[in-house]
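Summary of the model geometry
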Amino acid sequence: MSPFNIFQRVSKAPTKPKATPRAHQFDVADLYQGPLESSFDSKAPPLALDEKLRQAYFWIVNSAIISPHYDIEYNDAPPQSFAVGDNKRRLTLPSGQSYSSYVLMPLLTFATRRKCLFVGGPGRGKTASAILMGVLAGYPVKDVRRAMQHGHPQMTIADLLGNPLPADLVNAQSMEDIRIAWRSWLGMRVKIIDEYNRIPTRTQSALLTVMGDNYAEVLNHVFECPDSAWYLTANDDQGGGTYQVIEALRDRIDVIVQALSFNPRFLNDLLVRIEEKVRPEEIVPQEIVFNEAEIDQMNDDILAIELPEPLRRRIEFFTSQFEMSEAAGAQFEYMTKDTARLSAVEWAQLIASESGRDRLKDLGCQTLNGLSVRNLMTLIVYAKALAYFRGNTAVELEDLRQVLPFVLNDKLRPDHDAPFFALPENAAYRSDGISWLRHMFDLSNTEYERLRLDQDDPVGDLQREFSQGLEGVNESQTRTRITKIERLVAEFCKGKKLYGHLYDDLLKLKYLHQRYTNYLQWLRSQG
Amino acid sequence: MSISKEFADILRAGRPQFNAQVVKARHQYPNFDTEAFNLFLQNCVDPLVAKINSDQRGLFCVDVFDLAIDLVGRGLIGGHVRGQLIQNLWNDAVVEFISLLLPRPSEVLASLTNALLNLEASNGSDVGSEWMTLLRKYATSAPSSEVLIQLGVVFAWRAGAPQYRTVALRIIAEYPDFTYQALGLTNSAQALELSQTLGSNPWDSSLTGVKPFPRTIGEFTGLGGELSQPPKVRPCPAGFVVESGDRYFLLIVDCFGQMLLPSSKQEFNEASQQQYPKDNNLPLLKNGSVFTKRLTLEIDLPLEELQLVWNDYSVAIYSPYSFAIRVMPFV
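Within any chain, residue numbers begin from 1 and follow the written order of that chain's sequence. For this description, chains carry letters from A and ligands carry numbers from 1, given in the order in which they are written. The model is predicted, so local features are restricted to residues of pLDDT at least 70 and side-chain atom pairs to those at 80 or more, both for listing and for counting; the totals for chains, interfaces and linings are taken over all residues. To obtain the side-chain values, all non-hydrogen atoms of the structure were included, while hydrogens and water were left out.

Secondary structure elements follow DSSP: runs of H or I no shorter than four residues count as helices, runs of E no shorter than two count as strands, and numbering proceeds from the N terminus. When its secondary structure is counted, chain A shows 21 helices and 11 strands. Its C-alpha atoms give chain A principal-axis dimensions of about 80 × 75 × 60 Å. Whether two residues are in contact is decided by their heavy atoms, any of which lying within 4.5 Å being enough. Considering only contacts within chain A whose residues lie at least 6 apart along the sequence, 77% involve residues at least 24 apart.

Once that is clear, we can look at the overall build of chain B. A count of helical and extended segments in chain B gives 12 helices and 11 strands. Based on the C-alpha atoms only, the size of chain B along its principal axes is roughly 75 × 45 × 35 Å. Only protein chains enter the accessibility calculation, which uses a 1.4 Å probe; a residue is then buried when its area is under 20% of its type maximum, exposed when over 50%, and partly exposed in between. The proportion of buried residues among the 331 residues of chain B is 54%. Carbon and sulfur atoms form 48% of the exposed surface of chain B, whose accessible area is close to 14,900 Å². Per-residue and other accessible areas follow the Shrake-Rupley method at a 1.4 Å probe size, with only the shown protein chains counted as cover for residues.

Simply put, disulfide is the name for a covalent bond between the sulfur atoms of two cysteines. A pair of cysteine sulfur atoms is labelled a disulfide when the two atoms are within 2.5 Å. Under the definition given, this model contains 0 disulfides over all chains. Cysteine Cys493 of chain A shares no disulfide, and the gap to the nearest cysteine sulfur, in Cys365 of chain A, comes to 20 Å. What makes Cys493 of chain A partly exposed here is its relative accessible area of 46%. The thiol sulfur of Cys61 of chain B is not disulfide-bonded, and the nearest other cysteine sulfur, from Cys44 of chain B, lies at 14 Å.

Below, the discussion takes up a nonpolar patch on the surface. All names here are of chain A. Residues form patches when they are more than 30% accessible in relative terms and have no salt bridge. Like charges link within 9 Å. Nonpolar side chains (Val, Leu, Ile, Met, Phe, Trp, Tyr) link within 5 Å. Basic side-chain nitrogens of Lys or Arg form a salt bridge, by our definition, when they fall within 4 Å of a carboxyl oxygen of Asp or Glu. Side chains of Phe82, Val84, Leu91 and Leu93 sit close together on the surface and give an oily, nonpolar patch of about 350 Å² of accessible area. Secondary-structure elements contributing two or more residues to the nonpolar patch are β1 (80–84) and β2 (89–93). Structurally, Val84 can be placed in strand β1. Judged by relative accessible area, Val84 falls into the partly exposed class, the value being 45%.

Turning next to the interface of chain B and chain A. Where interface size is quoted, it is often the accessible area lost as the parts come together. Opposite the 43 residues of chain B that make contact, chain A presents 26 residues. Across the chain B/chain A interface, buried area totals approximately 2,700 Å², and carbon plus sulfur atoms make up 64% of it. Looking at the side of chain B facing chain A, the largest losses of area belong to His27, Gln28 and Asn114 of chain B, adding up to 22% of the total buried there. Counting across the chain B and chain A interface gives 0 salt bridges. Here a polar contact is recorded for every N or O atom pair within 3.5 Å, except that within protein the pair must consist of a potential hydrogen donor and a potential acceptor, and residues adjacent in sequence are included only if both atoms are side-chain atoms. Across the chain B-chain A interface, the total number found is 7 residue pairs in polar contact (both at pLDDT 80 or more). Every element with two or more residues in the side of chain B that touches chain A is listed here: α2 (15–28), α4 (54–73), α6 (105–123), α8 (145–159), α9 (165–174), β5 (258–262) and α12 (265–271) of chain B. Per-element accounting of the side of chain B that touches chain A gives the leading share, 10 residues, to α6 of chain B. Buried area: the accessible area, evaluated with a 1.4 Å probe, that two parts lose upon being put together, summed over both parts.

Residues and elements named next belong to chain A. Only Phe, Tyr and Trp rings are paired, with Trp represented by its six-membered ring, and only when their centres lie within 6.5 Å; those with planes under 30 degrees apart are stacked, over 60 edge-to-face, the remainder tilted. The full count for this structure, using the stated rule, is 28 aromatic pairs over all chains. Their ring planes at 90° and their centres at 5.7 Å tell us that Trp185 and Trp230 sit as a pair that is edge-to-face. With Trp185 in the loop between β6 (180–182) and β7 (190–194) and Trp230 in strand β10 (residues 229–234), the pair connects residues that are 45 residues apart, well separated along the chain. Accessibility assignment for this pair places Trp185 and Trp230 in one class, buried. Put simply, the rings of Tyr57, Phe58, Tyr74, Tyr99 and Phe389 touch in pairs and so form one group of aromatic residues.

Take unusual backbone geometry next. Residue and element names in this part refer to chain A. In the Ramachandran plot, Leu219 falls in the positive-phi region, its phi being about 50° despite a non-glycine side chain. The residue Leu219 is located in the loop between β8 (215–218) and β9 (221–224) in this model. Of note in the backbone geometry, Arg452 takes a positive phi value of approximately 55° without being a glycine. Following the sequence through the fold, Arg452 ends up in the loop between α18 (433–450) and α19 (458–467). Look at Arg452 and you get partly exposed, because its relative accessible area is 47%.

Residue and element names in this part refer to chain A. One open sheet holds the 5 strands; their spatial order is β4-β7-β10-β3-β11, and the pairing between them is parallel. Only two strands of the sheet have a single partner each, and these edge strands are β4 (149–150) and β11 (255–258). For strand β3 (residues 115–119) and β11, the ladder comprises 4 bridges, and the chain directions are parallel. Bridged to Val119 within β11 is Gln258. The axes used here are C-alpha line fits, helices contributing only the stretch in contact, and every angle between their N-to-C directions lies in the interval 0 to 180 degrees. Against the sheet, helix α3 (residues 101–112) makes contact with β3, β7, β10 and β11, and its axis sits at roughly 155° relative to β11, the strand it touches most. DSSP bridges decide pairing: two strands pair if at least two such bridges lie between them.

Residues and elements named next belong to chain A. Pairing geometry for β1 and β2, over 5 bridges, is antiparallel. Among the inter-strand pairings, Val84 is bridged to a residue of β2, identified as Arg89. Connecting the antiparallel pair β1 and β2 is a turn made up of 4 residues, with Gly85 showing a positive phi of about 75°.

This brings us to the side chain of Arg57 of chain B. Residue and element names in this part refer to chain B. Relative to the helices and strands, Arg57 is located in helix α4. It is Glu6 that comes nearest to the buried, bridge-free Arg57 among opposite-charge side chains, at 4.9 Å. A polar atom in the side chain of Arg57 sits 3.4 Å from the backbone oxygen of Val49. At 2.9 Å, the side chain of Arg57 forms a polar contact with the backbone oxygen of Ile52. Neither His nor the chain ends contribute to the count of charged residues, in which Lys and Arg are positive and Asp and Glu negative.

Residues and elements named next belong to chain A. With 12 residues, helix α16 (residues 397–408) should reach 16 Å at 1.5 Å per residue; the first-to-last C-alpha distance of 16 Å fits that figure. The complete set of buried residues in α16 reads Asp399, Leu400, Gln402, Val403, Leu404, Pro405, Phe406, Val407 and Leu408. Of the residues trailing α16, Asp410 is marked for its positive phi of about 80°. Each residue after the first adds 1.5 Å to the expected span of a helix.

Residues and elements named next belong to chain A. Contact pair helix α2 (residues 49–64) / helix α11 (residues 292–303): the axes reach a minimum separation of 10 Å and the direction vectors enclose 105°. Judged on the interaxial angle alone, α11 and α2 are roughly perpendicular. Contacts from Leu49, Lys52 and Leu53 in α2 reach Glu294, Gln297, Met298 and Asp301 in α11. Among the residues making up the contact of α2 with α11, the classes are represented as 3 nonpolar, 1 polar and 3 charged. Roughly parallel means an angle under 35 degrees; roughly antiparallel means over 145; roughly perpendicular covers 65 to 115; every other angle is labelled oblique. Each residue receives one of three labels: charged for Asp, Glu, Lys and Arg, nonpolar for Ala, Val, Leu, Ile, Met, Phe, Trp, Tyr, Cys and Pro, and polar for the others, Gly being one of them.

Moving on, we come to the environment of Phe65 of chain B. Following the sequence through the fold, Phe65 of chain B ends up in helix α4. A sequence separation of 96 residues divides Phe65 of chain B from Ala161 of chain B, and the C-alpha atoms of the two residues are 31 Å apart.

What follows covers the sheet that holds β5 of chain B. Residues and elements named next belong to chain B. Across the sheet, which stays open at both edges, the 4 strands sit in the order β2-β3-β4-β5 with antiparallel pairing between neighbours. Of all strands in the sheet, those bounded by a partner on one side alone are β2 (232–236) and β5. Direction aside, neighbouring strands of the sheet carry axes that sit 25° apart on average.

Remark: nonpolar core denotes a set of buried residues (Ala, Val, Leu, Ile, Met, Phe, Trp, Tyr, Cys) joined through side-chain atoms within 4.5 Å. Core analysis: the largest hydrophobic core is formed by 111 residues, its most contacted members being Ile60, Phe110, Tyr196 and Tyr231 of chain A. Here this core gets 9 residues from one element, more than from any other, and that element is α2 of chain A. Residues within four places of Tyr231 of chain A in sequence aside, it is in contact with Pro106, Thr109, Phe110, Cys116, Phe118, Ala130, Met133, Val190, Lys191, Ile192 and Ile193 of chain A. By size, the runner-up hydrophobic cluster in this structure holds 97 residues, among which are Ala36, Leu67, Ile86 and Leu261 of chain B.

Residue and element names in this part refer to chain B. Axis separation between α6 and α8 bottoms out at 11 Å; the angle between their running directions is 5°. Compared by their axis directions, α6 and α8 come out roughly parallel. Facing α6, whose interface residues are Val108, Ser111, Leu112 and Leu119, α8 presents Ser145, Leu148, Ile149 and Ala156. For the contact of α6 with α8, the class distribution of residues is 6 nonpolar, 2 polar and no charged.

Here it is, written out as structure tokens:
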């Protein structure tokens, strides 16, 4: 490669070196490889896909998107941290390889074929970033640009999905005879919807079908779309678009990333681009372009990443905090925020009737809702994707901690009237949703550790016992287990305040009790 | 100082292209030093151009011009040690075997420059200078650029880079005719013998005449060294594995040089499994000195907690009161 292809330089592998022992067997190439291009530069073997993904990341941050915000921080050792300004905000210098969420989250979306929303003011590179992802999937820039759907107030379903052929409309004897000219973007593996909050509500519903169910329908004709990564952009996600985005569509979005402001210290980089007439999306190096099979493989590899049980328990514990609302239901199962939401009871009225819990300590009091199954699935997939991106075979707690805010942003809605937000030190969390979510996860982990749930989890023990199956369990053993559950329920209920995690534990115990009760009845019927 | 007429003619003929290259370089490298570039062309490129046959001169210039831009753009040319070494390589050494650069001058020059930079970074500038001296003296014995590249590894080992010992011995066995002089031997048969003897004992001096002497390796990071804490050392077949704080190194020592390479905790733990009995040749600590069969080393450290470990060929002496590791031949 000529030394002047500066924008096409891809970081040398390994981009995230591991402390694995190196083979101390030197050869001639070890002496002659170096900064100058030489014939001894190793002809790299085919890269592992996680390495290729990291190279793509580093190419984007080094040569394409000027986003010097390392907000996804990792530390290998205690980091240097400084208090800045009157509010003593912490500036941390991470000691491990850290990342820019604005580049990393879209890239993980690309690898997992999920849906990512870019939000931020005009001219911050949202659309350019989305186009880059299309190019990474192997499409020519022109095709990606042409396939991009631009939201506008007059956008119809036909604009979005396709038209019936005019000649067929006149001659057809039945609906089956009408052929549809489907829009080409429907068949692409990267789909881009620019300014999606400017699309009329009716057209949004058609978009929802494509996003949610992966097919498009016009006049009884169905187009099955391939699995694809979606990128949507919005200048303002809080209602600033022309149309209100329907909730179901918002819920389909897996992650939201915010385009952070441009740091003028990097103006020279812009200057070079202007002078060199460089548009990064037009010069994506071939080495970091993924073909369809590679994306499929990458997706499979990501799903195969292990989520260790202790981490799964932490997700369970965190999730448990939010759904329970003691005042919302009379029956135990209906004591949820969802019950309250469906009944359209005033939230403030409901909160006023709650008593007993420490509303400052209880994380559930900070939110208006709980987490959906989709949210949890997305969280797990992105945590696995981040672990994969970092070259690991299992998810680490920090992976979860880093992706969680981007997945739950806009999903877990804050109750700004909660006592937590009234504290002066928490004022910034009103506007900084990412930090608030991460802070909540930290608080949840602290509580998890305080309760020593890794060491002492009787509900988990009962579940493990049940998971071994009922084959060969006799009547006496079943009765013993039922008694054990009943004792545990009694212990949990004795003089304790009802917090979210306890609520879910009790429901789990009820579930196990019911399963054993049914089994006991079946055993008896067998005589 | 002006450049030769030959070089000036070529630069004049390709002026727009050469200028365009420089303009691009200034975009690529914001700190591109045009003055340093001009000086490099005058001092280092021009003498080479003048020695090239007229029919190959044009191609040579175009090829080397790109390389010179890359060197200057990367800040490798200048008054610093690396800059001086590179200029010496181009000025003094390469000019001696310029015919070996053809037909791919930039490739060979880039490889040699990389080698110099690698040796300077890993083994120090003294080893780099010594390598260059050997290159200047003995590279002309190579019949082609391919063999020259192989000989460069032998020179690197001979100059004091023990990490290349194994590959250098293989090259010596393959090219005894071109390597014996650089090893201070009188004929190629000796080179073949040396490839055997030094293969089985890295301190063997029977052919080279290089007297083994105790080495001191390692220095506190606060003084620019590698070790953040007094080291712990364990023997392994390649040498010794060293633990210092949370970092690990492989220590290789032979008759020509010494080297600390990055290693891992795993290697350190594995090294503890090694057993080196060597019963009747055990090193002896007596009256403040360590005695081996070949050498005596007076220890200038408190004797309490002084540690001796050894492998098949060397004994390493270390102490919690020092960052330095002493290594001496064992047998």
